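Descriptive analysis of the structure
The lines below spell out each chain.
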Amino acid sequence: MKDTLLDLYRKEQDAIRGKATPLVNRMRDHALSRFRKNGFPSTKKESWRFTDLSPLLNTDFVFDFRNKSKNMDIDKIFTCDVYDLDTFSLTLLNGWYVYKNAPLTRLSNGTIIGSLAKAMEVYPDLVDEYIGKAAKTEAYEMAALNTAFLQDGLFIYVPEGVKVEKPIQLINIVNAEYPVFLQPRHLIVAQKDADLTIVHCDHSLTHNVSFTNTVTEVYAEKGARVDHYKVQNKGRNSALVTNSFFHQKENSHISSNIITLNGGFTKNIVDHTISGSAAHAEHYGLYLVDSNQHVDNQVNIDHATPGSRSDQLFKGILDDEAKAVFSGKVMVRRHSQQTEAHQNNRNILLTDEAKANTQPHLEIYADDVKCSHGATVGQLDPDAMFYLRSRGLCERTARQMMMVAFAGEVVKKISIEALRNRISHLVEKRLKGELSICDQCVLHCNSKEPTAFNIDLSKL
Amino acid sequence: MLSIKNLTVSIKGKTIIRGLNLEVKEGEVHAIMGPNGSGKSTLASVIAGRDNYEVEEGEVLYNGQNLLELPAETRAREGIFLGFQYPVEIPGVSIANFMRTALNEKRKYLGLEPLTGAEFLKLMEEKKKMVDIHSKLTNRSVNEGFSGGEKKKNEIFQMALLEPRLAILDETDSGLDIDALKVVAGGVNKLRRNDNATVVITHYQRLLDYIVPDHVHVLYEGYIIKSGGKELALELEEKGYEWIKKETVA
Ligand SMILES: Nc1ncnc2c1ncn2[C@@H]1O[C@H](COP(=O)(O)OP(=O)(O)O)[C@@H](O)[C@H]1O
Ligand SMILES: [Mg+2]
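Residues numbered from 1 in each chain as written. Chains lettered and ligands numbered in written order. Predicted model: local features only at pLDDT ≥ 70, side-chain atom pairs only at ≥ 80, totals over all residues. Heavy atoms only, no water.

Residues and elements named next belong to chain B. Spatially, 6 strands are ordered S6-S9-S10-S3-S11-S12 in an open sheet, and the strand pairing comes out mixed. At either margin of the open sheet sits one strand with a lone partner, and together these are strand S6 (80-83) and strand S12 (223-228). Pairs of neighbouring strands in the sheet enclose a mean axial angle of 20°, with direction left out of account. Set on the sheet, helix H5 (residues 148-162) makes contact with S6 and strand S9 (166-170); between it and S6 the angle comes to about 170°. (Pairing = 2+ DSSP bridges. Helix = DSSP H or I, 4+ residues; strand = E, 2+ residues; numbered from the N terminus. Axes fitted to C-alpha atoms, helices over the stretch in contact; angles between N-to-C directions. Contact = heavy atoms within 4.5 Å.)

Laid out in structure tokens, this is it:
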């Protein structure tokens, strides 16, 4: 696969380099030589020990460096009528930005939203100022590969002091008759005191084999606030590797929440550098996997400055022969006094065959810190199960109630109410076995019928 | 209503209940007393349908049907209620949602229409008043962070909602101050009817000043070593378990 890609690059380099900025193309050259040297990560590497890419690389993947889906009518294949979540909705189809009117929009408040490819033409200085600064292609092989081939994706730039009221929803759709290999690239910049929310949905509309390797870079300048949600609902035959790089400065707040509802093979890599004091990073994740699905969350946080805080909570429920991996590393450097860092991973195994590998890890070189970490792998509490059943709940209902409650701790962290309700509904549906990956957009639920939500007494 | 004959139960090979007999009739209140470790909670769990016990011998009939064949949830829907000695904390599951589900599953089993949200809320408010629990408690997760008294009141509240025919209250009085004890006892008394029965398991005779039993049994090392009327509880309180032990041996 590595050689195929290198050959392909040689043949297609004009199309790939396209209208990218000279700086991006220089970055690309570096990344390519790194990829030539390091190739794909193997299970010999600690962070990939339990996640083996090699069987996925045997497919004859198809690449599209020329945006062949450009003329597809997105409304014909995908409708997303999100009815209570008011968002800017943007779509990537097979890795390319899809637009009706303009590939790039500049709102009256100065916010720029649209295609990264177009942004490299129209705002090369803005792109160059940030792109590749956080994405470490030396340490992360898959990020190097993405950088070598980067062409399009989402670009968001929020100027100083601007609060983007509506969440920006990015829908990343894979829809192809053939096995595609996609490498979308996203760049998100929140200038000083800016505020934005991004909901990033990964879907596949077909059951064909596909491989997606995404890089997202998120920059939060002083006092900025970025909420980043990922909702993953992919088919059994899809492989998804996400590489998310966060970089934040003083007094900024970044919160990330990765909800994996389905996925054949999913690896989420988060690399987060905190380089300003009083900054707060939150990383949450929930994975609900069954059959032989595999999900791996790797989170590396670097407290590179004194007086910052990070919180991590990843929870998963594993059914059948599903496998989950969590590896978290929090680094507190010697001069980073008054750091507060918490890390927690909790797994519930519903069968004897399901497996969770968890490795929370703190690396602390400062002495005045407040840090904690923990990990659990267990079953549903049998005492609680009996308690529920002794009141008349059948085993199935009791299990579901406990699972929804377990997952709820992560769902509760979602700050937008409409999104929280939506995801909480999806999680319930998923845990009742009623969510199919063919339910188009995860953020709407095909039918508008009212659902039997739990009673919320506070509203009565 | 409940008829236990020669019941012998073990846990992990260790015999806990040895040839126990007990008859409970409609309208009766029975008290089971006995020192720690004598098997009171085990007996309660066996009746409620916990499945980590081995029934070695004997039978348990409930309104003529073999109770031991039924899963815990069916027993509950048939009207059996266990007030737990140690109510379990279940983070993330709200009492309101839990109880609504429980009540509606029971109604479905009995061939009744489920209660709507509004109907349920109305019923819940009524029952809350009855057991004097403050309104915010039912919004919270089941028993999570509750004080000892709140946990016990929550058990009685659930009992009030489910209206069992046979309630077994396992040390619902322990750890309660006198006011909470009165509330709990008051709840139980209000729920007393001619066609239901209550078994109170207790350590102290104190509770029996408020819930007056028809029969008192003393359980010791898995046997009922003595049964009598309510005066037996007073006698026990006065003379201690050692007295009965000696008396039985003699
Ligand atoms: N799950 C269990 N595993 C092992 N032993 C148990 C278990 N539950 C109860 N026992 C034992 O059974 C005996 C009776 O316990 P229990 O029924 O709780 O008594 P009581 O409620 O009268 O205090 C005790 O010796 C206790 O240690
Ligand atoms: Mg006990």
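One rule of thumb: low pLDDT means the predicted coordinates there are not for detailed reading. Residues and elements named next belong to chain A. In the predicted model, chain A carries a mean pLDDT of 89, and the fraction of residues at 70 or more is 90%. Note that residues 80-84 has pLDDT below 50 and, in this model, 13 contacts with residues that lie over four places away or in other chains. Low pLDDT, under 50, characterises residues 437-460; the stretch is placed with 58 contacts to residues that sit more than four places away or in other chains. (pLDDT = per-residue confidence, 0-100.)

Residues and elements named next belong to chain A. In the structure shown here, the tally under the stated rule is 14 aromatic pairs over all chains. Pairing Tyr9 with Phe149 gives two aromatic rings, centres 5.7 Å apart and planes at 85°, and the pair type is edge-to-face. Of the two residues, Tyr9 is situated in helix H1 (residues 2-17) and Phe149 in helix H6 (residues 141-149); the sequence distance between them amounts to 140 residues. Residue classification places Tyr9 among the buried residues on the basis of a relative accessible area of 5%. Phe149 sits in the buried class, given a relative accessible area of 5%. Each ring, one from Phe65 and one from Phe149, has its centre 5.9 Å from the other, and the planes form 20°; the classification is stacked. Note that Phe65 is positioned in the loop between helix H2 (22-38) and helix H3 (74-77) and Phe149 in helix H6, a separation of 84 residues in sequence. Aromatic ring contacts, followed pair by pair, group Tyr9, Phe61, Phe63, Phe65, Phe149, Phe181 and Phe211 into a single cluster. Over the ring of Phe406 we find Lys315, and its NZ or CZ is 4.1 Å from the ring centre. (Phe/Tyr/Trp six-rings, centres within 6.5 Å; stacked < 30°, edge-to-face > 60°. Buried < 20%, exposed > 50% of the residue type's maximum accessible area, 1.4 Å probe, protein only. Lys NZ or Arg CZ within 6 Å of the ring centre and 35° of its normal.)

Let's shift gears to a negative patch on the surface. Residues and elements named next belong to chain A. A surface patch of negative charge is lined by Asp320, Glu321, Asp352 and Glu353. Its location among the elements puts Glu321 in the loop between strand S17 (309-318) and strand S18 (323-332). Overall, the relative accessible area of 48% leaves Glu321 in the partly exposed class. (Patch = residues over 30% accessible without salt bridge, like charges linked within 9 Å, V, L, I, M, F, W, Y side chains within 5 Å. Areas by Shrake-Rupley, 256 points an atom, 1.4 Å probe, with all protein chains shown as cover. Salt bridge = Lys/Arg side-chain N within 4 Å of Asp/Glu carboxyl O. Lys, Arg positive; Asp, Glu negative; His and termini not counted. Charge placed at Lys NZ, Arg CZ, Asp CG, Glu CD.)

A pair of packed helices is captured by two measures, namely the crossing angle of their axes and the spacing between those axes. All names here are of chain A. Contact geometry of helix H8 (residues 395-411) with helix H9 (residues 417-431) gives a least axis separation of 10 Å together with a crossing angle of 150°. The two elements H8 and H9 cross, and the hand of that crossing is right-handed. Residues Gln400, Met403, Val404, Ala407 and Val411 of H8 pack against Arg420, Ile423, Ser424, Val427, Glu428 and Leu431 of H9. Across the contact of H8 with H9, the residue classes break down as 7 nonpolar, 2 polar and 2 charged. (Left-handed = near helix turned anticlockwise from the far one by under 90°. Nonpolar A, V, L, I, M, F, W, Y, C, P; charged D, E, K, R; others polar.)

Moving on, we come to the environment of Ala102 of chain A. Residues and elements named next belong to chain A. As for its placement among the helices and strands, Ala102 is situated in the loop between strand S2 (96-98) and strand S3 (104-106). Ala102 gets classed as partly exposed once you look at its relative accessible area, which sits at 34%. For the pair Ala102 and Lys118, spaced 16 residues apart in sequence, the C-alpha to C-alpha distance is 9.7 Å.

This part covers the sheet that holds strand S2 (residues 14-24) of chain B. Residue and element names in this part refer to chain B. Strand order in the open sheet made by the 4 strands is S2-S1-S4-S5, with antiparallel pairing throughout. What marks the edges here is a single partner per strand, and that holds for S2 and strand S5 (65-66). Helix H1 (residues 40-48) contacts strand S1 (2-11), S2 and strand S4 (54-62) of the sheet and is inclined by roughly 110° relative to S1.

Around a metal, the ideal angle is 109.5 degrees if four donors adopt a tetrahedral arrangement and 90 or 180 degrees if six donors adopt an octahedral arrangement. All names here are of chain B. Around the magnesium ion (ligand 2), the donor atoms from the protein are Ser41 (OG) and Gln85 (OE1), and they sit 2.0 to 2.2 Å away. Of this pair, Ser41 sits in helix H1 while Gln85 sits in the loop between S6 and strand S7 (90-94); the two residues are 44 residues apart in sequence, bridging distant segments of the chain. For Gln85, a relative accessible area of 14% puts it in the buried group. (Donors = N, O, S within 2.8 Å, 3.2 Å for Na, K, Ca; no water.)

In this section: the environment of Lys153 of chain B. Residue and element names in this part refer to chain B. Inspection of the secondary structure puts Lys153 in helix H5. Considering only alpha carbons, one finds Lys153 and Pro91, 62 residues apart in sequence, at a separation of 18 Å. Beyond its immediate stretch of four places on either side in the chain, Lys153 contacts Val131, Asp132, Ile133 and Val183.

Residue and element names in this part refer to chain B. Around ligand 1 lies a shell formed by Ile11, Lys12, Lys14, Ile16, Pro35, Asn36, Gly37, Ser38, Gly39, Lys40, Ser41 and Thr42. At 3.4 Å from a nitrogen atom of ligand 1 is found a side-chain nitrogen or oxygen belonging to Lys12. Burial of ligand 1 by the protein chains amounts to 66% of its free accessible area of 560 Å². Elements with a minimum of two residues in the shell around ligand 1: S2 and H1. In terms of residue count, the dominant contributor to the shell around ligand 1 is H1 (3 residues). Looking at the shell around ligand 1 residue by residue, the classes come out as 3 nonpolar, 6 polar and 3 charged. (Near = heavy atom within 4 Å. Polar contact = N/O pair within 3.5 Å; in protein donor to acceptor, adjacent residues only side chain to side chain.)

To continue, consider a nonpolar patch on the surface. On the surface, Tyr109, Leu110 and Leu112 of chain B cluster together into a nonpolar patch covering about 270 Å² of accessible area. Relative to the elements of secondary structure, Tyr109 of chain B occurs in helix H3 (residues 95-109).

This part takes up the nonpolar core. With 117 residues, the main nonpolar core has Val427 of chain A together with Ile4, Ile90, Phe98 and Leu166 of chain B as its most contacted residues. Sorting elements by how many residues they give to this core places H8 of chain A first, with 9 residues. With residues near it in sequence (within four places) discarded, Ile90 of chain B still touches Ala384, Tyr387, Leu388 and Met402 of chain A together with Ser141 and Val142 of chain B. Among the nonpolar cores identified, the runner-up in size contains 50 residues, and Ala20, Tyr130, Ala134 and Phe265 of chain A belong to it. (Core = buried A, V, L, I, M, F, W, Y, C linked by side-chain atoms within 4.5 Å.)

Listed as interface residues are 38 residues of chain B and, on the opposing side, 22 residues of chain A. Ranking the residues of chain B by area buried against chain A places Arg50, Glu73 and Phe98 of chain B at the top, with a combined share of 21%. At the boundary of chain B with chain A, the tally comes to 3 salt bridges. Linking Arg389 of chain A and Glu73 of chain B is a salt bridge whose minimum nitrogen-to-oxygen distance equals 2.7 Å. Between the two partners, chain B and chain A, sit 11 residue pairs in polar contact (both at pLDDT 80 or more). Among the elements of the structure, H1, helix H2 (72-77), S6, S7, H3, helix H4 (117-131) and H5 of chain B are those that each provide at least two residues to the side of chain B that touches chain A. Of all the elements, H3 of chain B adds the most residues to the side of chain B that touches chain A, at 8 residues. The residue inventory of the side of chain B that touches chain A, partitioned by class, reads 22 nonpolar, 9 polar and 7 charged. (Buried area = accessible area lost by both parts, 1.4 Å probe.)

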